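# Chain and residue survey
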Amino acid sequence: EALAASSPGFVSSDALLGRVWPDTHIGPDALKQRVRLLRVSLTDAGYDARLLDGVRGEGYALRARLMDAPPAMAEARAPVLAPAPAPVLAPVLADRLGGTSSGDRNSTVAAVRRVVPAALILLVIAAVVTLAYRSGTERPSATSAVSALGPAPVRLGIAAHPNDTVAAQLMDLLGSTPNLLLVPVVPPVAASGADGCRETDLIHLCLSANPTADGYTLTVTQRRTGAMINRETLDPSRASIALAALRIAQFATPAVLRWLGGSGQGDVAFDHFRSAVRALQQCDTVFRSESLADLRLTAAQSPNFLPARALLAALSVDAAEAANDTGEITRATTEASAVLTRMPDLPLAHLAIARGAALRGDTVAGRVGMTRAVRLLPLLKRFYDESARPRAPRRCAGQASQ
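Along each chain, numbering runs from 1 in the same order as the chain's sequence is written. Totals for whole chains, interfaces and linings use every residue, but because this is a predicted model, local features are given only for residues with pLDDT of at least 70 and side-chain atom pairs only at 80 or more, for both listing and counting. Side-chain numbers here rest on the full set of heavy atoms in the structure, without hydrogens or water.

All right, on to the overall build of the protein chain then. Counting its secondary structure elements, the protein chain contains 15 helices and seven strands. Total accessible area on the protein chain is roughly 19900 Å²; 55% of this is exposed by carbon and sulfur atoms. For the purposes of this entry, the term helix denotes a DSSP run of H or I that reaches at least four residues, the term strand denotes a run of E that reaches at least two, and both are numbered from the N terminus. Note that accessible areas follow from Shrake-Rupley with a 1.4 Å probe, and for residues the cover is restricted to the protein chains shown.

If you check the backbone angles, N324 has positive phi at about 55° while not being a glycine. The cut-offs for exposure are 20% and 50% of the maximum accessible area for each residue type, with area from a 1.4 Å probe on protein chains only; residues under the lower value are buried, those over the upper are exposed, and the others partly exposed. Of the residues examined, N324 reaches a relative accessible area of 66% and is grouped as exposed.

This part takes up the pairing of strand β6 (residues 215-222). Within β6, eight of the eight residues are buried, which leaves the element mostly enclosed by the surrounding structure. Linking two consecutive strands that pair antiparallel, namely strand β5 (residues 205-212) and β6, is a turn of two residues. Paired strands, in this sense, are two strands between which DSSP finds at least two bridges. Sheet topology note: the β6/strand β7 (residues 228-234) ladder contains six bridges and is antiparallel. Across the sheet, residue T219 finds its bridge partner in β7, namely R231. Linking β6 back to β7 in an antiparallel pair, the connection comprises five residues, with G226 at a positive phi of about 75°.

Under the pairing criterion, centres of Phe, Tyr and Trp rings, with the six-membered ring standing for Trp, must be within 6.5 Å; the plane angle then separates stacked pairs below 30 degrees from edge-to-face pairs above 60, leaving the rest tilted. For the structure on display, the rule yields four aromatic pairs. One aromatic cluster is present, formed by F251, F270, F273 and F305 through successive ring pairs.

Right, let's talk about the packing of helix α12 (residues 306-323) against helix α14 (residues 347-359) for a bit. Orientation is described by axes fitted as lines to C-alpha atoms, over the contacting stretch for helices, and by angles from 0 to 180 degrees between their N-to-C directions. The geometry of α12 relative to α14 is characterised by a closest axis approach of 7 Å and an angle of 25° between their N-to-C directions. Of the possible angle classes, the one that applies to α12 and α14 is roughly parallel. Between α12 and α14 lies a crossing whose hand is left-handed. Only L348, A349, A352, R355, G356 and L359 of α14 make contact with α12, whose side of the interface consists of A310, L311, A313, A314, V317, D318 and E321. An angle below 35 degrees is treated as roughly parallel, one above 145 as roughly antiparallel, one from 65 to 115 as roughly perpendicular, and anything else as oblique. Should the near helix be turned counterclockwise from the far one by less than a right angle, the crossing is left-handed, whereas a clockwise turn marks it as right-handed. Contacts are assigned to residue pairs with any non-hydrogen atoms lying within 4.5 Å of each other.

Before going further, it helps to examine the environment of P178. Within the secondary structure layout, P178 lies in the loop between α7 (165-174) and β4 (180-185). Considering only alpha carbons, one finds P178 and T253, 75 residues apart in sequence, at a separation of 10.0 Å. Beyond its immediate chain neighbours, meaning those up to four positions away, P178 contacts R375, L376 and P378.

One recurring pattern in soluble globular proteins: nonpolar side chains tend to sit buried together. Counting 73 residues, the largest nonpolar core has L156, L170, F273, L311 and L380 as its most contacted members. With residues up to four places along the chain from it excluded, the contact list for L380 reads L246, P347, L351, M370, A373 and V374. Put simply, a nonpolar core is a bunch of buried Ala, Val, Leu, Ile, Met, Phe, Trp, Tyr and Cys residues held in one set by side-chain atoms that sit within 4.5 Å of each other.

Moving on to helix α15 (residues 363-376). An ideal rise of 1.5 Å per residue puts 20 Å on 14 residues; α15 measures up with 20 Å between its terminal C-alpha atoms. Summarising the contacts, the buried residues of α15 are in contact with α14. Expected helix span is given by 1.5 Å per residue-to-residue step, counting one fewer step than there are residues.

The subject of this paragraph is the confidence of the model for the protein chain. Per-residue confidence from the predictor is reported as pLDDT, which spans 0 to 100. Here the protein chain averages 74 in pLDDT, while 70% of its residues score no lower than 70. Mean pLDDT values for the elements of the protein chain range from 33 in helix α4 (residues 90-97) up to 94 in α14. In the model, residues 132-150 has pLDDT below 50 throughout and makes 38 contacts with residues more than four positions away in sequence or in other chains.

Moving on, we get to the pairing of strand β3 (residues 154-159). By the criterion of burial, β3 is predominantly enclosed, with five of the six residues buried. Relative to β4, β3 runs parallel, the two sharing six bridges. Bridge assignment links R155 to a residue of β4, and that residue is L181. Between β3 and its parallel partner β4, the chain crosses via α7, and the hand of that crossover is right-handed. As defined by bridge partners, β3 adjoins β5 across four bridges and the pair is classed as parallel. Look down the strands so they point away from you; if going from the first strand over the helix to the second traces a clockwise path, that crossover is right-handed.

All right, on to α7 then. All buried positions along α7 are accounted for by V166, A167, L170, L173 and L174. Projected onto a plane normal to the axis of α7, the buried residues spread over an arc of 125° and lie on a single side. What points out from α7, more than 90 degrees from its buried face, is the exposed set T165 and D172. Taken together, the buried residues of α7 touch β3, β4, β5, β6 and α8 (238-251). In this description, one arc is meant: the one made by directions from the helix axis to the C-beta atoms.

The structure is reproduced here in structure tokens:
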């Protein structure tokens, strides 16, 4: 109940100890054990254990809200469950506890500890059924649970001057991306130290475009912590701006923000993901090979970081095409299919399948996969045609124009 009341925000360990066990000494190890047991209960109920998120220094967060309204009355676009009123558990507890008096505090606490997990499981099962009803029969409840995690839409603040042509082109390119809402904010003012992004509560990420002697520097940061998500310098050409938009779109997704856990402090897996995003559409074969090696390590060590696995599949198909390795193309498309069974809204996974089909000569499957990828990320139309073939040569060898 404490986590649901604050969902989807974090509740610190100290706050949990104070609210759940106000008059009982519970150590941090015992709290971790209770969190593990709650995750087991979620899994046993058919839900995704990652709904109970934990980040060092932040505490714990329930990434979906409990709901007691019927599905027909749930009108929210995003598959995030509406909050249930606090008294929902009261009748169950009263019946189980049998009117226990205050003098039997120990037995009451023991009874509550027995009842709450069972009641929570019942509520979670009801939530899973509701999600399945709203999502249709195409996705299992576990997939729906995954989709409910993270913000939807992601709100990206654009901190740039009104006459900045680069920022205007970026907004035009990113503006058609589903589940991405662009919010103009006041750019930072060096003299006053004011930061429009940090002062705007309604955004998740901030994109700053600043002219420099070498071109433009684009910086993506997390609003709440100010942590740097990505930074790159580009020349203000249409091609460079389009590539920058393609890369920015990889960070501004609920799945990536969920992996960061709300803290913005990237771990090794995120560092590998960030490096590989920079390899998109690049011709530096050494850099691309190193990025692929790092992504393979991330996929092995952090298999739940699905955006990284989707990116790995897309880059692997490109590398296999260059090496004429049909076996690697098959492995990459199989990996992309496995990712989509758990999270069907990752455009690069659809792109990998479409590219693999096109390379095998299956133009029908290539068009179908590309249609799905473009529906999730329309920006891809600038780089691939309807059957997932590159619109322009992307290999450097023998191509002076590249």
